[in-house]
Amino acid sequence: MFLTRVISVTNFFVATSALTFQVAVLYPWHKQLDEDFEKLKKEHLRVLHTIKAPTDTASAEKSQGILEMLGGLSRWGLLSRPSPVSPLPAPALVAVAEIPQPIPQPSLSPSLNQLSGSALYLRYALAGAVCCSFTHAVLTPIDIVKTRIQVNPTTYNHGIYGGLRQVVVGEGAGALATGLGPTTVGYLLQGAFKFGGYEYLKSRAIDSLGYEKASQNRYAIYLGSAAMAEVAGDLVLCPFEAVRIRLVSQPGFARGMVDGFAGLIREGGIRGLYSGLGPIMLKQVPYTMATFIVYENALEQAYKWVDRTTLSSPAVTGINLGAGLIAGIAATLVSQPADTMLSKINQGKAEPGEGPLRRLWRIAGDMGLRGSYAGVRARLVMVGGMTALQLAVYGDIKKALGATGGIEIR
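Not measured: the values here are computed from a predicted model. (Residues numbered from 1 in each chain as written. Predicted model: local features only at pLDDT ≥ 70, side-chain atom pairs only at ≥ 80, totals over all residues. Heavy atoms only, no water.)

Peer 1: Sorry, what's going on with the pattern of salt bridges here?
Peer 2: Once the charged atoms of two side chains with opposite charge are near each other, the side chains can pair. Counted according to the given criterion, the structure contains twelve salt bridges. Across the pair Arg148 and Glu171 runs a salt bridge whose closest N-O atoms are separated by 2.9 Å. Of the two residues, Arg148 sits in helix H4 (residues 140-151) while Glu171 sits in helix H5 (residues 159-171), which places them 23 residues apart along the sequence. Judged by relative accessible area, Arg148 falls into the buried class, the value being 4%. Between Arg255 and Asp259 there is a salt bridge, with its nearest N and O atoms 4.0 Å apart. One continuous salt-bridge network, built from bridges that share partners, spans Asp143, Lys146, Glu241, Arg244 and Lys283. (Salt bridge = Lys/Arg side-chain N within 4 Å of Asp/Glu carboxyl O. Helix = DSSP H or I, 4+ residues; strand = E, 2+ residues; numbered from the N terminus. Buried < 20%, exposed > 50% of the residue type's maximum accessible area, 1.4 Å probe, protein only.)

Peer 1: Even after reading the chapter, I still don't get empty space enclosed by the protein, so can you show me in this structure?
Peer 2: Vacant regions in the atomic arrangement are exposed by a probe of water-molecule size rolled over the atoms. On inspection of all chains with the given rule, the structure shows two cavities of 30 Å³ or more. In this model, the largest cavity occupies a volume close to 150 Å³. Of all the secondary-structure elements, those providing two or more residues to the lining of the largest cavity are helix H3 (117-138), H4, helix H6 (180-209), helix H8 (218-249), helix H10 (277-305) and helix H13 (376-401). When residues of the lining of the largest cavity are assigned to their parent elements, the largest contribution, five residues, is made by H13. (1 Å grid on protein atoms, 1.4 Å probe; cavity = no way out; pocket = protein on both sides within 12 Å on 5 of 7 lines; lining within 4 Å. Points joined across faces, edges and corners; volume = space filled by probe spheres on them.)

Peer 1: Help me out: how do you make sense of H13 in this one?
Peer 2: Helical geometry note: an α-helix holds 3.6 residues per turn, so side chains three or four residues apart project in the same direction. Taking 1.5 Å of rise per residue, 26 residues should cover 38 Å, and H13 covers 36 Å from first to last C-alpha, within 8% of that figure. Of all the 26 residues making up H13, 20 are buried; the element is thus mostly covered by neighbouring parts of the structure. Phi turns positive, to about 80°, at Gly402, one or two residues after H13. (Expected span 1.5 Å × (residues − 1).)

Peer 1: Help me understand the side chain of Lys283, please; the structure alone is not making it clear to me.
Peer 2: Note that Lys283 resides in helix H10. Residue classification places Lys283 among the buried positions, given a relative accessible area of 4%.

Peer 1: Before we go on, may I ask you to explain a nonpolar patch on the surface in this structure?
Peer 2: Nonpolar side chains collect at one region of the surface, where Val231, Leu235, Ile265, Ile270 and Tyr274 lie side by side and expose about 400 Å² of accessible area between them. When residues of the nonpolar patch are traced back to their parent elements, those giving at least two are H8 and helix H9 (257-273). You can see Ile265 is positioned in helix H9. For Ile265, a relative accessible area of 37% gives the class partly exposed. (Patch = residues over 30% accessible without salt bridge, like charges linked within 9 Å, V, L, I, M, F, W, Y side chains within 5 Å. Areas by Shrake-Rupley, 256 points an atom, 1.4 Å probe, with all protein chains shown as cover.)

Peer 1: Looking at this structure, how should I read the nonpolar core?
Peer 2: The tendency in soluble globular proteins is for nonpolar side chains to be buried as a group. Ranked by internal contacts, the top residues of the largest apolar core, which has 36 residues, are Tyr124, Cys131, Phe195, Tyr198, Tyr295 and Tyr394. Going through the elements one at a time, H3, H6, H8, H10, helix H11 (313-347) and H13 are the ones with two or more residues in this core. Look past the residues within four positions of Tyr198 in its chain and what remains in contact with it is Phe193, Tyr222, Ser225, Ala226, Ala229, Phe292 and Glu296. (Core = buried A, V, L, I, M, F, W, Y, C linked by side-chain atoms within 4.5 Å. Contact = heavy atoms within 4.5 Å.)

Peer 1: Even after reading the chapter, I still don't get the packing of H10 against H13, so can you show me in this structure?
Peer 2: How two helices pack is summed up by the angle between their axes together with the distance between the axes. For the pair H10 and H13, the least separation of the axes is 12 Å and the interaxial angle reads 55°. On the basis of their axis angle, the class for H10 and H13 is oblique. Crossing angle aside, the handedness with which H10 passes H13 is right-handed. Of the residues in H13, those in contact with Lys283, Tyr287, Thr291 and Tyr295 of H10 are Arg379, Val383, Met386, Thr387 and Leu391. (Axes fitted to C-alpha atoms, helices over the stretch in contact; angles between N-to-C directions. Parallel < 35°, antiparallel > 145°, perpendicular 65-115°, else oblique. Left-handed = near helix turned anticlockwise from the far one by under 90°.)

Peer 1: Would you take a moment to explain the packing of aromatic side chains for this structure?
Peer 2: Here a ring pair, both rings aromatic, is described through the centre-centre distance and the interplanar angle of the planes. Evaluation of the coordinates by the stated rule reveals seven aromatic pairs. Arranged with centres 5.3 Å apart and planes meeting at 90°, the rings of Tyr121 and Tyr200 form a pair that is edge-to-face. Linking Tyr121 in helix H3 with Tyr200 in helix H6, this pair joins segments that are 79 residues apart in sequence. Overall, Tyr121 belongs to the buried group, its relative accessible area being 16%. Centroid distance Tyr219 to Tyr222: 6.1 Å. Interplanar angle 70°. Geometry classified as edge-to-face. Placement of the pair is Tyr219 and Tyr222 together in helix H8, with a separation of three residues, close to one helical turn. Taken together, Phe195, Tyr198, Phe292 and Tyr394 form an aromatic cluster joined through their ring pairs. Between Arg218 and the ring centre of Tyr219, over which it is positioned, the NZ or CZ distance is 5.0 Å. Lying across the ring of Phe253, Arg246 places its NZ or CZ 5.0 Å from the centre. (Phe/Tyr/Trp six-rings, centres within 6.5 Å; stacked < 30°, edge-to-face > 60°. Lys NZ or Arg CZ within 6 Å of the ring centre and 35° of its normal.)

Peer 1: Explanation requested: the environment of Gln390 in the structure shown.
Peer 2: Positionally, Gln390 belongs in helix H13. Classification of Gln390 as buried rests on a relative accessible area of 2%. Separated by 259 residues in sequence, Gln390 and Cys131 have C-alpha atoms that sit 5.3 Å apart. Those residues in contact with Gln390, other than ones at most four positions away along the chain, are Cys131, Cys132, Thr135, His136, Lys194 and Phe195. A distance of 3.2 Å separates the side chain of Gln390 from the side chain of Thr135, its partner in a polar contact. (Polar contact = N/O pair within 3.5 Å; in protein donor to acceptor, adjacent residues only side chain to side chain.)

Peer 1: Can you walk me through the packing of H6 against H8 in this structure?
Peer 2: Relative to each other, H6 and H8 sit at 170°, their axes nearing to 7 Å. Comparing their axes, H8 and H6 come out roughly antiparallel. Within the contact of H6 with H8, the residues separate by chemical class into 20 nonpolar, six polar and five charged. (Nonpolar A, V, L, I, M, F, W, Y, C, P; charged D, E, K, R; others polar.)

Just geometry here; none of it tells us what the structure is for.
See below:
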């Protein structure tokens, strides 16, 4: 009964948060974006009209001047016979002179044009930071159960709902928020580097190769950009993830994030905060690579069947959700063994005289293939849903911030 109430309250909180975000943030931004777009069209038409009028007048005056010059030449008899230098007769010259000149297109001012440069990529980073921090924070209770299953599978062996009940009965409902601080801050920073870096590196690759060649090698660009961006994100995430896992796997280790950092530094120094850097990269880099390449390919296939320009904003969000869910499932299966190993490493200290590589080898041997997929069901629910929500929110925040100037490879 208590567990049912907890789940109901959690669902209500998630639904209320999503609705509030849509109504209070996204809707005003979308409305403002539509108004700005209408102003842009009106300004575009005004500039075109302003440029076209004097151009037409100048062309008419130029043509009249040429005709008068040709008339003067005719009076002197210079156009009565073909010239070896200018073999065209007078009518042909007149026809050439009357060919309309192309009208130069106006260049809109930067304030009316799409964003570019640092302003654009900072918005990508902000959108990535918000979506990653929000989705990981909302799913903290499931993440706690997943970690407990990985580090203590003999005790937590009743699945997601059974694990939630065990935590609540044993430690109280407040235990479901354990590690919320390092989760929120860590993924805020990681999301900024991950999404902002991915968009930046992808754009730089296109500029370097040219669009045609980049289109032919787009999957390599997706994979390379995702990998490099995730490495940068992992460097800032690793200390926060170490604190989170210790707080979850050892109740009572510390009172919160700051106390947890102090405890880990006392135990192993700054180096101890990065003891899981290898496994976290083995987990996160393949996860991010799989996420982006599957997501980009899913979008590419979806938009082969529907015209994106005719879709409403909710329809685009729905496609982002579907593509994100497929990407999340694929990424979970690829990165699950490294995620389990990361939980094992941060569960406790290394044995005396044991180096990092030897420790990784020992843990991998103890887990085995089957043990490396402990908690995969909980993680499929968590990561699959989280990735879908994350990419949908990312797309909406990008649009709301006006970050639509990036290059898509199709």
